[in-house]
Amino acid sequence: MQKIAIAIDGYSSTGKSTLAKQLAKALTYKYIDTGAMYRAITLFAMRNGFIGNGRESLEALVKLLPNITLNFVPNEELGFSEMYLNGENVEKDIRTLEVSKYVSRIAEIGQVRHMLVEMQKEMGKEKGIVMDGRDIGTVVFPDAELKVFMTASPQARATRRYKELLDRGEQVSYQEVLENVQKRDYIDSHREFSPLRKAEDAIEFDNSDMGLVEQFDRLHSIALRCLEKVT
Ligand code: DC
């Protein structure tokens, strides 16, 4: 059967990753979380003093980009791949609110985007991939056979994210999480390079009032119809 590329874009904490993972599993496709790549570069920048604690020296970070290696390593037990930064598993470290606070600044840098977009295009060369992010349908795979743009109210998204962070043992307030969600929405959709926007041919999917099962069922049948068309 012919394979397709599925691009899932949208605002932060709309549940893109959960949906993309489920879909990839159902179709036995590769799943790539591009946010993890921007987060890993952010972690590198924070650890090396290029951003955070009132400091910012992004030019120095850009010079070091060629020294950064990022890999998705499959974890058979968990059933998905984990992000490795220069050989170290950083899957947990990249999901903190601290990293979320700085990641949009890093994702604005043209050289960072260029490097990651090239890697992402390479990963999708053979199709059979579900990739989620902000610019997948517009920049990374403009020819993807299926494009989805996910939205939900900022409050619905902040509530989900807040629960997730509490479950992971982070000490955060709901207000702090809501502000981070709104700030990232603004920066992600107003940046100079590939701002977040819906591709013209993307299907818009508002899941504010939708459960996980319903959203998966809907998207899965859309994907199956799309596959029927191309084969
Ligand atoms: O999906 P996420 O919340 O883990 O993404 C983290 C940040 O990375 C998000 O605020 C914007 C940025 N990002 C991006 O600019 N382009 C992508 N393709 C993926 C993420």
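Residues numbered from 1 in each chain as written. Predicted model: local features only at pLDDT ≥ 70, side-chain atom pairs only at ≥ 80, totals over all residues. Heavy atoms only, no water.

Caption draft 1: How the structure looks around unusual backbone geometry. Positive phi, close to 50°, is recorded for Asn53, a residue that is not glycine. Positionally, Asn53 belongs in the loop between β3 (51–52) and β4 (55–56). Phi at Ser194 takes a positive value of approximately 30°, unusual for a residue other than glycine. Position of Ser194 relative to the elements: it lies in the loop between α8 (174–190) and β10 (203–206). Note on Ser194: relative accessible area 18%, which makes it buried. (Helix = DSSP H or I, 4+ residues; strand = E, 2+ residues; numbered from the N terminus. Buried < 20%, exposed > 50% of the residue type's maximum accessible area, 1.4 Å probe, protein only.)

Caption draft 2: Focus on the pattern of salt bridges. Evaluation of the coordinates by the stated rule reveals 17 salt bridges. Note that Glu108 and Arg105 form a salt bridge whose closest N and O atoms lie 2.6 Å from each other. Its relative accessible area of 29% is what places Arg105 among the partly exposed residues. Taking the shortest distance from any N to any O, the salt bridge between Lys127 and Glu145 comes out at 2.9 Å. One end of the pair, Lys127, is in the loop between α5 (110–123) and β8 (129–133); the other, Glu145, is in the loop between α6 (136–140) and β9 (146–151), and 18 residues separate them in sequence. (Salt bridge = Lys/Arg side-chain N within 4 Å of Asp/Glu carboxyl O.)

Caption draft 3: Spotlight on the sheet that holds strand β6 (residues 80–85). An order of β5-β6-β7 is seen for the three strands of this open sheet, with the pairing classed as antiparallel. This sheet does not close on itself; its edge strands, each paired only once, are β5 (70–75) and β7 (88–89). For β6 and β7, the ladder comprises two bridges, and the chain directions are antiparallel. In the sheet register, Tyr84 faces β7, and the bridge partner there is Asn89. (Pairing = 2+ DSSP bridges.)

Caption draft 4: Representation of the nonpolar core within the structure. One finds Leu70, Met83 and Ile106 to be the most contacted residues of the largest nonpolar core, which totals 39 residues. Ignoring sequence-local partners within four residues, the contact set of Ile106 consists of Tyr38, Ile41, Thr42, Ala45, Ile51, Leu58, Leu61 and Val112. Counting residues in each nonpolar core, the second largest holds 22 residues, with Ile4, Tyr29, Val130 and Leu146 among its members. (Core = buried A, V, L, I, M, F, W, Y, C linked by side-chain atoms within 4.5 Å. Contact = heavy atoms within 4.5 Å.)

Caption draft 5: A look at the site of the ligand. With respect to spatial proximity, 15 residues lie near the ligand, and among them Arg39, Arg113, Asp135, Arg184 and Arg191 are the closest. In this structure, Arg39 approaches the ligand through a side-chain N or O atom, which is 2.7 Å from an oxygen atom. Within the contact set of the ligand, an oxygen atom lies 3.1 Å away from a side-chain nitrogen or oxygen of Asp188. Secondary-structure elements contributing two or more residues to the shell around the ligand are α2 (34–47), α4 (97–107) and α8. Looking at the shell around the ligand element by element, the count peaks at four residues for α2. Among the residues forming the shell around the ligand, the class breakdown is four nonpolar, four polar and seven charged. (Near = heavy atom within 4 Å. Polar contact = N/O pair within 3.5 Å; in protein donor to acceptor, adjacent residues only side chain to side chain. Nonpolar A, V, L, I, M, F, W, Y, C, P; charged D, E, K, R; others polar.)

Caption draft 6: Representation of empty space enclosed by the protein in the model. This structure, assessed with the given rule, holds one cavity of 30 Å³ or more. Taken as a whole, the largest cavity holds about 30 Å³ of empty space. Taken together, Asp9, Gly137, Lys147, Val148, Phe149, Arg197, Lys198, Ala199 and Ala202 make up the full set of residues lining the largest cavity. In terms of residue count, β9 provides more of the lining of the largest cavity than any other element does, three residues in total. Of the residues belonging to the lining of the largest cavity, the class tally is four nonpolar, one polar and four charged. (1 Å grid on protein atoms, 1.4 Å probe; cavity = no way out; pocket = protein on both sides within 12 Å on 5 of 7 lines; lining within 4 Å. Points joined across faces, edges and corners; volume = space filled by probe spheres on them.)

Caption draft 7: Representation of the environment of Gln120 in the model. Residue placement: Gln120 occurs in helix α5. On the accessibility criterion, Gln120 (0% relative accessible area) is buried. Counting along the chain gives 11 residues from Gln120 to Met131, while the straight-line C-alpha distance between them is 8.6 Å. With sequence-adjacent residues up to four places away left out, Gln120 is seen in contact with Thr34, Met37, Tyr38, Met131, Ile136, Val140 and Phe141.

Caption draft 8: View of the sheet that holds strand β1 (residues 5–10). Strands sit in the order β2-β8-β1-β9-β10 across an open sheet of five strands; the sheet is parallel. Lying at the two open borders of the sheet, with one neighbouring strand each, are β2 (30–33) and β10. Direction aside, neighbouring strands of the sheet carry axes that sit 20° apart on average. Sheet topology places β1 next to β9; five bridges connect them, and they run parallel. (Axes fitted to C-alpha atoms, helices over the stretch in contact; angles between N-to-C directions.)

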